[in-house]
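# Fold and geometry: a report
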Amino acid sequence: MATPAPPRWERKLQQRLARGEEAALGELYDRYASLVHSLAFRVMDDDDAADHVTREVFGYIWENPDAYEPRDGSLRSWIAALTQRQAVHRLRQYEDGDRTDPEVVEARVREANTAARADFIVTSMPAPLRAALELAYRERLDYRAAAAGLGVSEDEARRRLRLGLQLLSTAADPVDGLPEPEEQHGGRGSAR
Amino acid sequence: MSGAAFPGGGAAGRDGGRLRIPAQREQRNAPDDLPVDRAPHRSAPSGGVPASWERHVEVPGGEGPEEGSAAPHGQEAAEERPVPEKTSKGGCRNASGRPPRYEHATLKSLLGAWALTACAPEEAQAVEAHLPECHQCSEEARRLRGAVGLLHQEDSLDLDPLLRARVLEGCLGRRPARVPVPDWAGAYDAETARLDALLRDLGDGYWSAPVRLQWFDGAPVAQQFTVGRVIAHLTAVDGLVGRALGLPSTSRGLGGPLDAEDGRGAPARMYRSRVPGDEELPLDPWERTTADWEARGHLPGATLRSMWRDQSHQLVQTVAFAGQGVADLGVDYGYFELPFRDAFLDRAFECWVHAADIAEAVDYPYGPPAPGHLHGLVDLAARMLPAALARRRRAGLTTSAARLVAAGTPGRSLRLEIEGDGGGEWYLPLDSPGASASPEKAVAHVAMDSLEFCQLAAGHVEPERAAAGQVGDRAVIRDVLFATASLSRM
């Protein structure tokens, strides 16, 4: 699940990428590869295609380390948006090549948009909510164990789980005010 | 990789208290209109119903957006307030076979936990019995279940470990690194990344899982540790390389990452203060490990992992800056020394071996290193063999006839043929580590699969049981196989 990196770590990493440190590239990959690959897979529904998008996204970041602007949000959500754009771009290319039913493509694009919004919501929701979801979902604790783990009452654990999911469920509604990570601005994103 | 092992029904597949980490791909496309009344639920961790199981819960104020519209249910709740007969022997159903009754507000507060299958079975039943009767709750239940599907985000658990090399290679083809990682540190970089991915997949429920380590110390040794201790062991011995690079020890001045919210990403230096007396930790890998366990055996697994990972990143970063200049400088292991180029291979080898130990302990698939890296590890073992053989000869542990020859002069040799990925052919000098070894003077020929050879060098296979094709001087072959096993440490 999404755990944001400390901003300081992100800035430092960006500097190291700009310096051309191969080790920093490895760290970037280790931290974000599963995010990039899973987002790409959501759009492409194909492992090889997702691998390909993953290569393109990391290639783009490595070639353009200064493209990320920390003032606009976390490195993670920037990478998520980049992946989204790149994957949709690829998918549309396949579509142009008559490989895929346009309706299927649009459905996947919608689903991918939802996934990207969900990712944004999870990374920007209050940490206590995220921690509760993390325990219940990722660690598979029931809410009583999660309450114990968080040092809160069982009522509070239930409240956090419910509220966290309520926030997350808004990802499925295209609403104003949340970043629409793709297609708003032409969609044929900057990663190519 | 692990996908097939996951029972499709969500949390239902608990075994022995902890669930194998699922690959979430099966669930990835879970429709959000999942019939809510057939949702799987997990059992309470203790099996029964906790004594403190609350049925009277105050209506939490202002908790949900639609709280205000709950009037009709509020009515209902009020009627139910003299809460049900104390049924639960075992907590399931009362005499009439109906689930215990809950107030509407309680049921509603449970919806999040229910959607995550994170409540007790009785509670899940109560929620599910309530949903068909309550439009408002069933609407929210459907929504929240849908939201759970969105949590699957980063769970590309079965990401191909070899993708990393391909992606990095692609990047470097587009823009060459100005500070490249030396090729001899590549295996360490890749193997630490693989182990880290394994640990991430396992999550925090496995730190105390028993792991059996085996090595060969004159005879086969096997001891049981935990996942956390194995990681701390790797950190401690990796620390020898860090020490040689002038990095401060991770084992001193511990405070844990400062960023309490995120134990993973915090830069290492936040909990590494430069404490005088770094040198207190013994150099011998075994003693160093033991001292390390004493110093920080109490730390949570996630902290141990982030310390290990931060240090491994730091080692790669530092050695990249140091460059080829340090390749031949020595790393002090206490009773022996390896040049940096070999120490990084040695650490990669141990990282792989222990990662495989952990994976086996938790029944998780774990493949060998990439062929190019595997070759480096096999080559290191082959190059270390002559000295290991000489050590055993000096200790009187060999049976083959000894012949002393001066360094640099030709002596008898053994042809070591390693087959499979990462394999190759080596002629090992038998009479002195410094003697030159040539095909002409070969007195024996051993052929082994590369993975079998690594298992032997890791002390996981007994020398006499190793699957090896053997031709020539039997005593020499026996000595070489034992010397290979003697390369292993804890």
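Residues numbered from 1 in each chain as written. Chains lettered and ligands numbered in written order. Predicted model: local features only at pLDDT ≥ 70, side-chain atom pairs only at ≥ 80, totals over all residues.

## Focus on the overall build of chain B
Along chain B, the regular secondary structure elements total 15 helices and 8 strands. Looking at chain B residue by residue over its 490 residues, the buried ones come to 43%. In chain B, the share of contacts with a sequence separation of at least 24, taken over all contacts with a separation of at least 6, comes to 71%. (Helix = DSSP H or I, 4+ residues; strand = E, 2+ residues; numbered from the N terminus. Buried ≥ 20, exposed ≤ 12 C-beta atoms within 10 Å, placed from the backbone. Contact = placed C-beta atoms within 7 Å.)

## Quick notes on the interface of chain B and chain A
Counting residues at the interface gives 64 residues for chain B, matched by 61 residues for chain A. Secondary-structure elements contributing two or more residues to the side of chain B that touches chain A are helix 4 (111-115), helix 6 (135-149), helix 7 (163-174), helix 8 (186-202) and helix 11 (301-322) of chain B. Examining the composition of the side of chain B that touches chain A, we find that 9 residues originate from one element, helix 7 of chain B, more than from any other.

## Comments concerning helix 14 (residues 450-457) of chain B
All names here are of chain B. When you tally the buried positions in helix 14, you get 6 out of 8 residues, the bulk of the element. Of the positions making up helix 14, those classed as buried are Ser 450, Phe 453, Cys 454, Gln 455, Leu 456 and Ala 457. The first or second residue beyond helix 14 is Gly 459, which carries a positive phi of 80°.

## Considering the environment of Tyr 364 of chain B
With respect to the helices, strands and loops of the structure, Tyr 364 of chain B is situated in the loop between helix 12 (340-361) and helix 13 (371-394). Separated by 45 residues in the primary sequence, Tyr 364 of chain B and Thr 409 of chain B have C-alpha atoms spaced 49 Å apart.

## Quick notes on the domain arrangement of chain B
Residue and element names in this part refer to chain B. Along its sequence, chain B is organised into domain 1 (3-152), domain 2 (166-361) and domain 3 (376-485). Contact residues are listed per partner, giving 11 residues for domain 2 and 8 residues for domain 3. Within the residue set of the side of domain 2 that touches domain 3, elements represented by two or more residues are strand 1 (210-216) and helix 12. Here the side of domain 2 that touches domain 3 gets 6 residues from one element, more than from any other, and that element is helix 12. Classifying every residue of the side of domain 2 that touches domain 3 gives 8 nonpolar, 1 polar and 2 charged. (Domains from an automatic or database assignment. Nonpolar A, V, L, I, M, F, W, Y, C, P; charged D, E, K, R; others polar.)

## A look at the environment of Ala 388 of chain B
Residue and element names in this part refer to chain B. Considering the arrangement of structural elements, one finds Ala 388 in helix 13. In this structure Ala 388 comes out as buried when scored by C-beta crowding, with 21 C-beta atoms within 10 Å. Separated by 96 residues in the primary sequence, Ala 388 and Thr 484 place their C-alpha atoms 7.5 Å from one another. Contact partners of Ala 388, with chain neighbours within four places excluded, come to Ala 483, Ser 486 and Leu 487.

## Quick word on the nonpolar core
Grouped together as the largest cluster of nonpolar side chains are 168 residues, with contacts concentrated most on Ala 136 and Leu 161 of chain A together with Leu 377 and Val 480 of chain B. It is helix 2 (residues 22-44) of chain A that provides the largest number of residues to this core, a total of 14 residues. Setting aside chain neighbours within four positions, we find Leu 161 of chain A in contact with Ala 132, Leu 133, Ala 136 and Tyr 143 of chain A together with Gly 112, Ala 113, Leu 116 and Ala 118 of chain B. (Core = buried A, V, L, I, M, F, W, Y, C linked by C-beta atoms within 7 Å.)

## Quick notes on the pairing of strand 1 of chain B
Residue and element names in this part refer to chain B. Relative to strand 2 (residues 220-226), strand 1 is paired through 7 bridges, and the arrangement is antiparallel. Its bridge partner lying in strand 2, Val 211 is registered against Phe 225. Hairpin geometry of strand 1 and strand 2 is characterised by an intervening segment of 3 residues between the two adjacent antiparallel strands and by a positive phi of about 80° at Gly 218. (Pairing = 2+ DSSP bridges.)

## Observations concerning the packing of helix 9 (residues 227-244) of chain B against helix 12 of chain B
All names here are of chain B. Relative to each other, helix 9 and helix 12 sit at 180°, their axes nearing to 11 Å. By the angle between their directions, the pair helix 9 and helix 12 is classed as roughly antiparallel. Residues Val 227, Val 230, Leu 234, Val 237, Asp 238 and Val 241 of helix 9 pack against Ala 343, Arg 347, Glu 350, Cys 351, His 354, Asp 357 and Ile 358 of helix 12. Looking at the contact of helix 9 with helix 12 residue by residue, the classes come out as 8 nonpolar, 1 polar and 4 charged. (Axes fitted to C-alpha atoms, helices over the stretch in contact; angles between N-to-C directions. Parallel < 35°, antiparallel > 145°, perpendicular 65-115°, else oblique.)

## Remarks on the packing of helix 13 of chain B against helix 15 (residues 474-485) of chain B
All names here are of chain B. Put simply, helix 13 and helix 15 touch, their axes get as near as 8 Å, and they point 110° apart. It follows from the interaxial angle that helix 13 and helix 15 lie roughly perpendicular. In this structure, helix 13 contributes Ala 381, Leu 385, Ala 388, Leu 389 and Arg 392 to the contact, and helix 15 contributes Asp 479, Val 480, Phe 482, Ala 483 and Thr 484. A breakdown of the residues in the contact of helix 13 with helix 15 according to their chemical character gives 7 nonpolar, 1 polar and 2 charged.

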